[in-house]
Amino acid sequence: MSVADDAVDGRLIDELVGRARAQGLDLVGEGGLLQQLTKRILESALEGEITDHLGYDKHDPAGDNSGNSRNGTRAKTVLTDVGPVEISVPRDRDGSFEPRIVRKRQRRLSGVDEMVISLSAKGLTTGEVRAHLAEVYGADVSRQTISTITDKVLDGMAEWQNRPLDRVYPVVFVDCINVKVRDGKVANRPIYVALAVTAEGHRDILGLWAGDGAEGAKFWLHVLTEIKNRGVDDVLMLVCDGLRGLPDTVETVWPKTVVQTCVVHLLRNSFRYAGRQDWDKIAKALKPVYQAPTEEAALERFVAFADEWGKKYPAIVRLWENAWSEFVPFLNFDTEIRTVICSTNAIESVNARIRRAVKARGHFPSEQAALKCVYMAIMSLDPTGKGRKRWTMRWKAALNAFDIAFDGRLSAARN
């Protein structure tokens, strides 16, 4: 039994619940047993605080001519986990009493703030959070209050964005999520996510960066330099989806890093140029290309694909030709490495969670509001820790292969 369990008398709880039921008193809801208990507990704690502050108990003669004394109470309603509770807050004559359990001007207990942030992180809009609080707790909380609560995460987001990082990462995936921002008019804005796999096989989201859709080498130099300045000396491989200006910039920041395009994205982009009736045929025709044992074999099979489909879909052939230099690097590695780097599936699960949260809101009033939403969605990932274990098992074989393929650069990170 825990210390918390020992502190609560089970017989007393049974007696309270029994009395409540005998009197027809609900356990939850307005005026219910939990609300009344919360009121009594808070008021008792506040009375204890003012006693400590003044140095004497209520009605104790020791307080006569002490220079300060109790001065009645004032009513205050606070939102708690069991709904709105009206409490009597004691006052002192010189106004020096500063309660801690329910501070001055505090209208919500911390558990409520955590609940609002959690609901928002799961994709509920401000209106939906407000409706939830009204339905479950009978509390009328304004949209502005909910926004104020979620704004508390901004300080944590800034600290998270600037935290120190590992010295070496075997793989960093870079992808983007498009959000709608109302800046004069509603327009799509990309938010870029950098997700790394650590030397131990854990997932580590390095940061978030908002763009305007016209990013080039200068933008990526800023992003990668920021990551390097946070302690990342080496990245073995960077996987992305044809982001303009990124490959050249990677070579400037980490000269030995291999840049790999996402094969799954390359296939998806190919389908955009083809009729739906041909998707299965094109997927089948391209499979020998990205499963080829060598770059030479891949080129031979791509030529065969171009002969078969180039006349009908020249844009697909051009797409692969333009991406060829970033497509072929993974062909030089064995199956363990190919499996984990030939796509950005590792980051797609993260993006799926972000997309759910973003889609629920429709559009955002500002770039900061969009970043806040994405950050909260990221912070709510894997609450049980089971995903972390699956990641580690999935990457174990690949990490050993990385260490051999990259001449021990990964081992340096573990030492």
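In case you missed it, the structure is sitting above this.
Note that this is a predicted model, so its numbers are computed, not measured.

On to the packing of helix α10 (residues 263-271) against helix α13 (residues 314-327), then. Where α10 meets α13, the axes come as close as 10 Å, and the angle between the chain directions of the two elements is 170 degrees. Relative to α13, α10 is oriented roughly antiparallel. Contacts between α10 and α13 involve V263, L266, L267, N269 and S270 from the first element and I316, L319, W320, A323 and F327 from the second. Residue classes in the contact of α10 with α13 are distributed as eight nonpolar, two polar and no charged.

As a further point, take the pairing of strand β5 (residues 203-210). With six of its eight residues buried, β5 lies for the most part within the structure. Relative to β5, strand β4 (residues 185-197) is paired through seven bridges, and the arrangement is antiparallel. Its bridge partner lying in β5, V193 is registered against L208. If you look at the hairpin formed by β4 and β5, you'll find five residues sitting between the two strands, and G201 has a positive phi there, around 90 degrees.

We now examine the packing of aromatic side chains. How two aromatic rings sit relative to each other is given by the distance of their centres and the angle of their planes. This model, assessed by the stated rule, comprises 15 aromatic pairs. Between W160 and Y375, the ring centres sit 5.4 Å apart and the planes meet at 55 degrees, which makes this aromatic pair tilted. You can see W160 sitting in helix α7 (residues 153-161) and its partner Y375 sitting in helix α16 (residues 367-379), a full 215 residues away along the chain. Y375 shares its class with W160; the two are buried. Pairwise contacts between aromatic rings join F302, F305, W320, W324, F327 and F330 into one cluster. Against the face of F330 rests R338, its NZ or CZ located 5.5 Å from the ring centre.

The next subject is the pattern of salt bridges. In this structure the tally under the stated criterion is six salt bridges. Here R163 and D204 are joined by a salt bridge, their closest N and O atoms 2.8 Å apart. Of the two residues, R163 is situated in the loop between α7 and β3 (168-183) and D204 in strand β5; the sequence distance between them amounts to 41 residues. Both residues of the pair, R163 and D204, belong to the buried class. Across the salt bridge formed by R189 and E367, the nearest N and O atoms sit 2.5 Å from each other. With R189 in strand β4 and E367 in helix α16, the pair connects residues that are 178 residues apart, well separated along the chain.

Quick look at the nonpolar core now. Side chains of a nonpolar character, in soluble globular proteins, are inclined to be buried together. In this structure, W320, F327, I341, W395 and F402 are the most contacted members of the largest nonpolar core, which totals 75 residues. Here the element with the most residues in this core is α16; it accounts for nine residues. Counting 24 residues, the second-largest nonpolar core is a separate cluster that includes L165, A194, V223 and L238.

Cut-offs used in this document
Residues numbered from 1 in each chain as written. Predicted model: local features only at pLDDT ≥ 70, side-chain atom pairs only at ≥ 80, totals over all residues. Heavy atoms only, no water. Axes fitted to C-alpha atoms, helices over the stretch in contact; angles between N-to-C directions. Helix = DSSP H or I, 4+ residues; strand = E, 2+ residues; numbered from the N terminus. Parallel < 35°, antiparallel > 145°, perpendicular 65-115°, else oblique. Contact = heavy atoms within 4.5 Å. Nonpolar A, V, L, I, M, F, W, Y, C, P; charged D, E, K, R; others polar. Buried < 20%, exposed > 50% of the residue type's maximum accessible area, 1.4 Å probe, protein only. Pairing = 2+ DSSP bridges. Phe/Tyr/Trp six-rings, centres within 6.5 Å; stacked < 30°, edge-to-face > 60°. Lys NZ or Arg CZ within 6 Å of the ring centre and 35° of its normal. Salt bridge = Lys/Arg side-chain N within 4 Å of Asp/Glu carboxyl O. Core = buried A, V, L, I, M, F, W, Y, C linked by side-chain atoms within 4.5 Å.

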